[in-house]
Amino acid sequence: MHSAFLFSTAALVASALASPTIKRGNNQGQDDHPGGPGGSSHGGGDHGNHGGHGDNGFSPSLPDGFPNPSQDQINDIEDRAHGTLPNAPLPTGLSDDGITNFKLIAFNEIFEVAYFSELVQNITNNVEGYQFGDDKDEVLENLNVILAVEELHALGANAILQANHVDPIKPCKYNFPVSDFESAIALAATFTDVVLGTLQDVNDIFAQNTENGPVRLISSVIGNEGQQEGLFRIIQKKTTPAQPFLTTSTRDFAFTAIQSFVVPDSCPNINTIPLNTFKPLNVLTQNIEPKDQQIQFSFNLSAVDVDVESLSLVLINAQNKPIVEKLEGTDVNEGVVTFQADFPFEDSLLYGLSIAAVTHSAESFDSADDVAKQTIFGPGLIEVN
Ligand SMILES: *[C@@H]1O[C@H](CO)[C@@H](O)[C@H](O)[C@H]1NC(C)=O
Ligand SMILES: *[C@@H]1O[C@H](CO)[C@@H](O)[C@H](O)[C@H]1NC(C)=O
């Protein structure tokens with residue numbers, strides 16, 4: 001039982017957050033899932049799964065009509081989200097890059113809807129690992145607002161795509177590598193940090209294209225996601241500010257990271273998102289402490305034509321120049337490469353999210369964008385404190 005919501009004395013499990021890619025496209029049994037959210041889905045004519053939990057992953061067809069709510073249902077989602085969808089004219093005439101930005105945002109926000117709706121269901125249904133005492137209502141109050149907010153973020157991004165005559169992004173089926181509240185919150189904190197970094201990239205791309213229309217809107221979403229992150233950090237008994245300048249990310253890193261939660265071949269139109277998907281990089285070290293150390297990683301070299309000796313391990317943190325490290329103690333076993341690399345915590349104060357990537361060898365990189373261009377395996381997501 002979780003004895004207290006915000007200040008629980010329960011040991012907090014931080015292991016899941018270090019390596020959310022490990023269960024990439026897994027086939028964990030779904031039979032013990034609680035019942036789906038019911039088949040009262042409206043619309044969604046071309047959306048095959050109406051039951052929430054299918055035999056093969058979780059699909060967000062919610063009782064409130066998401067992903068295709070009627071106007072009445074949207075009103076209800078807005079009530080629960082404590083605010084409306086923007087009623088100003090939607091930005092139109094977007095560049096191809098601007099369209100890609102909103103495709104990625106929709107893809108991400110729909111994934112978040114799936115995640116938080118399953119989390120709310122787990123808590124509501126007292127699923128093992130998600131059982132609370134008196135504070136159950138307080139937990140659900142926060143998470144229900146977050147769920148409705150993410151629904152509006154997703155609907156808003158898809159509405160902008162449609163206003164630009166682009167098909168909306170459709171939900172996939174998902175499997176999440178968590179089975180208790182603490183690891184679920186740790187994972188939510190990690191992917192929210194990736195979003196907080198990636199929306200910086202989105203705004204930067206709008207700026208490069210002198211396309212200011214959506215920047216105010218995106219910036220308002222960054223603030224909202226930061227508020228959510230604060231809640232996840234309080235639950236984990238961390239200081240609410242993680243670092244003064246949040247770690248940046250790029251679209252390709254986010255696109256790859258989200259796919260680690262997607263059931264392979266379950267996304268109706270992911271192929272319309274013109275972004276790169278890297279090969280997975282697993283972070284093997286768990287419960288990473290705020291100190292200098294070596295961190296262990298692995299990747300699967302099969303089907304990749306590259307000389308392991310010619311690779312670098314790069315760390316992206318805050319708004320700093322990426323840190324380049326050597327792969328040490330490289331060991332190849334049945335195509336899987338395991339190695340260590342320095343994690344220079346003290347020098348660079350690597351608080352918050354660090355994004356690790358295995359790249360073609362380089363002396364240095366100027367920016368996260370430069371890293372992404374040379375990345376083969378990644379992102380490995382490391383959270384400290
Ligand atoms: C909900 O609980 C099930 C069963 O333990 C688990 O497989 C799933 O990952 C959980 N989802 C979330 C978001 O916590
Ligand atoms: C590595 O990748 C190959 C080819 O993609 C696959 O057949 C193999 O099962 C993978 N190995 C592991 C340990 O995942």
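All values reported here derive from a predicted model rather than from experimental measurement. The written sequence of each chain sets the order in which its residues are numbered from 1. Here every chain gets a letter starting at A, and every ligand a number starting at 1, in the order they are written. Only residues with pLDDT of at least 70 are given local features in this predicted model, and only at 80 or more are side-chain atom pairs given and counted; all residues enter the totals for whole chains, interfaces and linings.

**Side note on the site of ligand 2**
Then step 1. Near ligand 2 the following residues occur: Asn300, Ser302, Ala303, Gly335 and Val336.
Then step 2. The residue inventory of the shell around ligand 2, partitioned by class, reads 2 nonpolar, 3 polar and no charged. Nearness between a residue and a molecule or strand is assessed with a C-beta atom placed from the backbone; a distance within 6 Å qualifies. Here the term charged refers only to Asp, Glu, Lys and Arg, the term nonpolar to Ala, Val, Leu, Ile, Met, Phe, Trp, Tyr, Cys and Pro, and the term polar to all other amino acids, Gly among them.

**Description of the pairing of strand β6 (residues 323–326)**
Then step 1. For two strands to count as paired, DSSP must find a minimum of two bridges between them. Per the convention used, a helix needs a DSSP run of H or I reaching at least four residues, while a strand needs a run of E reaching at least two, with both numbered from the N terminus. Where strand β5 (residues 311–317) meets β6, 4 bridges bridge the pair, whose relative direction is antiparallel. Of the residues in β6, the one forming a bridge with Val314 is Val324.
Then step 2. Between β5 and the antiparallel strand that follows it, β6, lie 5 residues; Ala318 among them carries a positive phi value of about 55°.

**Some points on the nonpolar core**
Then step 1. Only buried Ala, Val, Leu, Ile, Met, Phe, Trp, Tyr and Cys residues enter a nonpolar core, and they are joined through C-beta atoms within 7 Å. Whether a residue is buried, exposed or partly exposed is read from the other C-beta atoms within 10 Å of its own C-beta, which are placed from the backbone; 20 or more gives buried, 12 or fewer gives exposed, and intermediate counts give partly exposed. Residues Ala106 and Ala356 are the most contacted members of the largest nonpolar core, which totals 94 residues.
Then step 2. Broken down by element, the residue count for this core peaks at 14 residues, all from helix α5 (residues 181–208).
Then step 3. Domain boundaries shown here were taken from an automatic or database domain assignment. Split by domain, the residues of this core number at least three in each of domain 1 (15–272) and domain 2 (282–384).
Then step 4. Those residues within four positions of Ala356 in sequence are excluded, and the remaining contacts are Leu281, Val283, Phe297, Leu313, Leu315, Gly378, Pro379, Gly380 and Ile382. Contact between two residues is assigned when their C-beta atoms, built from the backbone, lie within 7 Å.

**Topic: the packing of helix α3 (residues 96–124) against helix α7 (residues 251–259)**
When two helices pack together, their arrangement is given by the angle between the helix axes and by the axis-to-axis distance.
Then step 1. Whenever a helix is involved, its axis is fitted only over the stretch in contact; in every case the axis is a line through C-alpha atoms, and angles between N-to-C directions fall within 0 to 180 degrees. Across the interface, α3 lies against α7 with an axial gap of 11 Å and an inter-helix angle of 35°. Here the hand of the crossing between α3 and α7 comes out left-handed. Residues Leu104, Phe107, Asn108 and Phe111 of α3 lie in contact with α7, whose contacting residues are Arg251, Ala254, Phe255 and Ile258.
Then step 2. For the contact of α3 with α7, the class distribution of residues is 6 nonpolar, 1 polar and 1 charged. The handedness criterion is simple: a crossing whose near helix is rotated anticlockwise from the far helix by less than a right angle is left-handed, and one whose near helix is rotated clockwise is right-handed.

Shape is all these values report; function is a separate question.
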